[in-house]
Amino acid sequence: MGTLEVMAHRVVWCVALLAILVTLVRSWPRILSALREKRTLMLLACSTVLISINWITFIYAVNIDRVLETSLGYFINPWSPSSWA
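First, a word on what this report is: a plain description of the structure on this page. (Residues numbered from 1 in each chain as written. Predicted model: local features only at pLDDT ≥ 70, side-chain atom pairs only at ≥ 80, totals over all residues. Heavy atoms only, no water.)

## Some thoughts on the overall build of the protein
Turning to step 1, where the next piece is worked out: Of regular secondary structure, the protein possesses four helices and zero strands.
Turning to step 2, where the next piece is worked out: When the elements of the protein are put in sequence order from the N terminus, they spell out α-α-α-α.
Turning to step 3, where the next piece is worked out: Radius of gyration (C-alpha) of the protein: 16 Å, far over the 12 Å computed for a compact globule of 85 residues.
Turning to step 4, where the next piece is worked out: For the protein, the spread of C-alpha atoms along the three principal axes comes to 45 × 30 × 20 Å.
Turning to step 5, where the next piece is worked out: Taken over 85 residues, the protein has a buried fraction of 9%.
Turning to step 6, where the next piece is worked out: Here the contacts in the protein between residues at least 6 apart in sequence split such that 53% fall between residues at least 24 apart. (Helix = DSSP H or I, 4+ residues; strand = E, 2+ residues; numbered from the N terminus. Rg over C-alpha atoms; globule rule 2.2 N^0.38 Å. Buried < 20%, exposed > 50% of the residue type's maximum accessible area, 1.4 Å probe, protein only. Contact = heavy atoms within 4.5 Å.)

## Topic: the packing of aromatic side chains
Turning to step 1, where the next piece is worked out: Per the counting criterion, the structure on display carries zero aromatic pairs.
Turning to step 2, where the next piece is worked out: Positioned above the aromatic ring of W55 is the side chain of R10, whose terminal nitrogen or guanidinium carbon lies 4.4 Å from the ring centre. (Phe/Tyr/Trp six-rings, centres within 6.5 Å; stacked < 30°, edge-to-face > 60°. Lys NZ or Arg CZ within 6 Å of the ring centre and 35° of its normal.)

## A few points about the packing of helix α1 (residues 3-24) against helix α3 (residues 38-63)
Turning to step 1, where the next piece is worked out: With their axes 9 Å apart at the nearest point, α1 and α3 run at an angle of 135° to one another. Overall, the two elements α1 and α3 adopt an arrangement that is oblique. Crossing handedness for the pair α1 and α3: right-handed. For the pair formed by α1 and α3, the contact residues are T3, L4, V6, M7, R10, V11 and C14 on the first element and S52, W55, I56, F58, I59, Y60 and N63 on the second.
Turning to step 2, where the next piece is worked out: Broken down by class, the residue content of the contact of α1 with α3 amounts to ten nonpolar, three polar and one charged. (Axes fitted to C-alpha atoms, helices over the stretch in contact; angles between N-to-C directions. Parallel < 35°, antiparallel > 145°, perpendicular 65-115°, else oblique. Left-handed = near helix turned anticlockwise from the far one by under 90°. Nonpolar A, V, L, I, M, F, W, Y, C, P; charged D, E, K, R; others polar.)

These figures come from the coordinates and say nothing about function on their own.
Here it is as structure tokens:
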């Protein structure tokens, strides 16, 4: 599977799962009101671009058999999400 195909699967399945979760907790009004605010929408767009770059880079590295290097990069990098916990 190619990098963009894997990325497309991740996006589609994440959107489907989140739609189900948002429906279960009945948060659609809050989400729609947040999307009406220009500043919030711009922040969400910027975070989407950054997360997409991260995902695509990771998927590409795994596809070219650089799993060890990628794992080490996530371990060493102080800005990785695993260090935020």
